[in-house]
Amino acid sequence: MDACSRRTFLTAAALSAGTASLVLPRAARAEGVKIRHAVIGLGGQGTRHARVLSGFPDCEIAALCDVDPERLAKVGEKLPGAKLHDDFRRVLEDKSIDSVSVATPDHWHTPVALAALAAGKHVYVEKPCAQTLHEARTLRDAAARSGKVVQQGTQGRSGQALKDAVAFMREGGLGKVRAAKAINHQLREPIGRAPESDPPPGVNYDLWLGPAPKHAFTANRWHYNWHWFWDYGSGDVGNDGIHQIDQARWGLGVGVPPSVTATGAQLFYDDDHETPDTMTAVFDYGDRHLIYEMRLWTHYSLEGHDNGVVFYGDKGRLDFGRNGCTATFTDGAKREFGPYGDFDTHQRNFIDCVKTGDPAGLNGGVAEGAVSTALCQLANIAHRTGHKLAVNPDTWEIGDPDAMKLFTREYREGYGLPVV
């Protein structure tokens, strides 16, 4: 690795450390208290975990793990003090490690998170925290039983502007809020068609597949593009749309709905994608609707804003987005709530809670994260079956035999869910 790229990584980490000193509560800045953390999965998001967390003065990246030796070496060069592993089980055997990030493909999120809880670790699991409704419910319950800190990577929950905007709506600032629209629109280029081939040298592809069905390697089922295959990912509703769905649900103050309808299609792609490029879902709560719109073939600028949420009330509307939060009232007046929350703040919140051992302080704890994950998976199930779903909001089970076939999944022998 060249000196410039390492300098860039460490400079960014130092900036994170500077931010941390401003937001870290005094009680959590005790001298000598340092969390030993491991990052499992070193794609773009896992590398970001390593960079941000290594910048906190009270967090040490003790281990890094990935089945891809190139990724492992690349990040390892930037953090020479970290032990390098190609099997997450070796990480969890290290009793000196306090907490882990799970930034693997979706099909490994819950299995690794459960294994980490069983090993006594605190867990930051990327979104969606689970690939099925059964996994989401299982992880939620296991986290509660363990008493460990388990945060989902829906970082908008740590944004002060979003917190203030939600409080404003709760206080009646928009009047009666009857609908929210979660919008995921962006241009994701086609991926083409990739032939079967050998996996890259040194890659334990069988371990990468893990609980998923056996399938020959293709480049499109590998880095990042795994999102678009049902065996490994959750489509873009679980990849990016979960942020908007989580924020819309938060603002409306709702949980799992009793009724879900969704339709999706490939209107743009004609390639190896299995998941849709276009989806519309309606989560019906009786007195409120949460609407999800996904288009992966339009630029942000087409509608004048990036991905976000619009709440509609009697007195006006409120827009959440990465450009900030703004209420626009029926008389034309506006109120600004400030910028979007950042990733660093969510990571900081996690480390603070690990240090106290108290999950109650989490901004995006898995009790909430699992619910938002459930909505994403319900949208996928409604799309895949073509059925309107009648859902039990307490058990999350669906009164439809075809839909219940997708409530869980089969696990390859030797890769079943750990018991916590």
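Calculation criteria
Residues numbered from 1 in each chain as written. Predicted model: local features only at pLDDT ≥ 70, side-chain atom pairs only at ≥ 80, totals over all residues. Heavy atoms only, no water. Helix = DSSP H or I, 4+ residues; strand = E, 2+ residues; numbered from the N terminus. Rg over C-alpha atoms; globule rule 2.2 N^0.38 Å. Buried < 20%, exposed > 50% of the residue type's maximum accessible area, 1.4 Å probe, protein only. Core = buried A, V, L, I, M, F, W, Y, C linked by side-chain atoms within 4.5 Å. Pairing = 2+ DSSP bridges. Axes fitted to C-alpha atoms, helices over the stretch in contact; angles between N-to-C directions. Phe/Tyr/Trp six-rings, centres within 6.5 Å; stacked < 30°, edge-to-face > 60°. Lys NZ or Arg CZ within 6 Å of the ring centre and 35° of its normal. pLDDT = per-residue confidence, 0-100. Contact = heavy atoms within 4.5 Å. Parallel < 35°, antiparallel > 145°, perpendicular 65-115°, else oblique. Nonpolar A, V, L, I, M, F, W, Y, C, P; charged D, E, K, R; others polar. Patch = residues over 30% accessible without salt bridge, like charges linked within 9 Å, V, L, I, M, F, W, Y side chains within 5 Å. Areas by Shrake-Rupley, 256 points an atom, 1.4 Å probe, with all protein chains shown as cover. Salt bridge = Lys/Arg side-chain N within 4 Å of Asp/Glu carboxyl O. Disulfide = S-S within 2.5 Å. Arc of directions from axis to C-beta.

## A few points about the overall build of the protein chain
Then, in step 1: On a plain count of helices and strands, the protein chain comes out with 13 helices and 15 strands.
Then, in step 2: Taken over C-alpha atoms, the radius of gyration comes to 21 Å for the protein chain, in line with the 22 Å a tight globule of 420 residues would show.
Then, in step 3: Referenced to the eigenvectors of the C-alpha coordinate spread, the extents of the protein chain come out at roughly 60 × 50 × 45 Å.
Then, in step 4: Split into buried and exposed, the 420 residues of the protein chain put 57% on the buried side.

## Some points on the nonpolar core
Then, in step 1: Among the nonpolar cores identified, the biggest contains 95 residues, and V100, F283, F311, L318 and F320 are the most heavily contacted of them.
Then, in step 2: The dominant element in this core, judged by the number of residues it contributes, is helix 12 (residues 366–385), at ten residues.
Then, in step 3: If you look at the next biggest cluster of nonpolar residues, it comprises 22 residues, including L72, Y124, V149 and C353.

## Some remarks on the sheet that holds strand 2 (residues 59–65)
Then, in step 1: What the six strands build is an open sheet, ordered 3-2-1-4-5-6; its pairing is parallel. At either end of the open sheet lies a strand with only one pairing partner, and these are strand 3 (83–85) and strand 6 (150–152). Each neighbouring strand pair of the sheet contributes to a mean axis angle of 20°, computed without reference to strand direction.
Then, in step 2: Of the pairings in the sheet, the one linking strand 1 (residues 35–40) to strand 4 (residues 99–102) comprises four bridges and is parallel in character. Looking across to strand 4, one finds that I40 is bridged to V102.

## Focus: the packing of aromatic side chains
Think of a pair of aromatic rings as described by two things: how far the centres are apart, and how the planes are tilted against each other in angle.
Then, in step 1: This structure, assessed with the given rule, holds 14 aromatic pairs.
Then, in step 2: Here the aromatic rings of F311 and F320 are separated by 5.1 Å at their centres, their planes lie at 70°, and the arrangement is edge-to-face. F320 shares its class with F311; the two are buried.
Then, in step 3: One aromatic cluster is present, built from ring pairs that chain together Y205, W208, F217, W222, F229 and Y232.
Then, in step 4: Over the aromatic face of F343 sits the side chain of R48, whose NZ or CZ is 4.0 Å from the ring centroid.
Then, in step 5: The ring of F56 has R348 lying over it, and the distance from NZ or CZ to the ring centre is 4.7 Å.

## Quick notes on the sheet that holds strand 13 (residues 324–329)
Strand pairing within a sheet occurs via backbone hydrogen bonds; the two strands may be parallel or antiparallel.
Then, in step 1: The nine strands lie next to each other as 14-13-12-11-7-10-9-8-15, forming an open sheet whose pairing is mixed. At either margin of the open sheet sits one strand with a lone partner, and together these are strand 14 (334–338) and strand 15 (389–390).
Then, in step 2: Pairing between strand 13 and strand 14: four bridges, direction antiparallel. Across the sheet, T326 pairs through a bridge with E336, a residue of strand 14.

## A closer look at the confidence of the model for the protein chain
Then, in step 1: This prediction gives the protein chain a mean pLDDT of 93; 92% of its residues lie at or above 70.
Then, in step 2: Low pLDDT, under 50, characterises residues 1–8; the predicted model gives this stretch seven contacts beyond four residues in sequence or across chains.

## So, the packing of helix 6 (residues 133–146) against helix 12
Then, in step 1: With their axes 9 Å apart at the nearest point, helix 6 and helix 12 run at an angle of 175° to one another. By the angle between their directions, the pair helix 6 and helix 12 is classed as roughly antiparallel. Of the residues in helix 12, those in contact with L133, A136, L139, R140 and A143 of helix 6 are V366, A367, A370, T373, A374, Q377, L378 and I381.
Then, in step 2: Looking at side-chain class alone, the contact of helix 6 with helix 12 contains ten nonpolar, two polar and one charged residues.

## Some thoughts on a nonpolar patch on the surface
Then, in step 1: Residues L187, L267, F268 and W297 make up a contiguous nonpolar surface patch of roughly 360 Å² in combined accessible area.
Then, in step 2: Of note, L187 is situated in the loop between strand 7 (177–185) and helix 8 (205–209).
Then, in step 3: Here L187 falls in the partly exposed class, since its relative accessible area comes to 31%.

## A closer look at the state of the cysteines
Then, in step 1: By the definition in use, this model includes zero disulfides.
Then, in step 2: A disulfide-free cysteine, C59 has its sulfur positioned 14 Å from the sulfur of C353, the nearest such atom.
Then, in step 3: Looking at the unpaired C65, the closest cysteine sulfur is the one in C59, lying at 17 Å.
Then, in step 4: Here C65 falls in the buried class, since its relative accessible area comes to 4%.

## Considering unusual backbone geometry
Then, in step 1: The residue after K127, namely P128, is reached through a cis peptide bond having omega -15°.
Then, in step 2: The residue Y224 is not glycine, and still its phi comes out positive at about 60°.
Then, in step 3: Its place among the elements puts Y224 in the loop between helix 8 and helix 9 (235–239).
Then, in step 4: Of note, W396 is a non-glycine position whose phi angle comes to about 70°, a positive value.
Then, in step 5: With respect to the secondary-structure elements, W396 resides in the loop between strand 15 and helix 13 (401–404).

## Considerations on helix 3 (residues 69–78)
Then, in step 1: Residues of helix 3 that are buried: L72, V75, G76 and K78. End-on, the buried residues of helix 3 take up no more than an arc of 150°, which puts them together on one face. Seen from the buried face of helix 3, the exposed residues on the opposite side, beyond 90 degrees, are E70 and K74.

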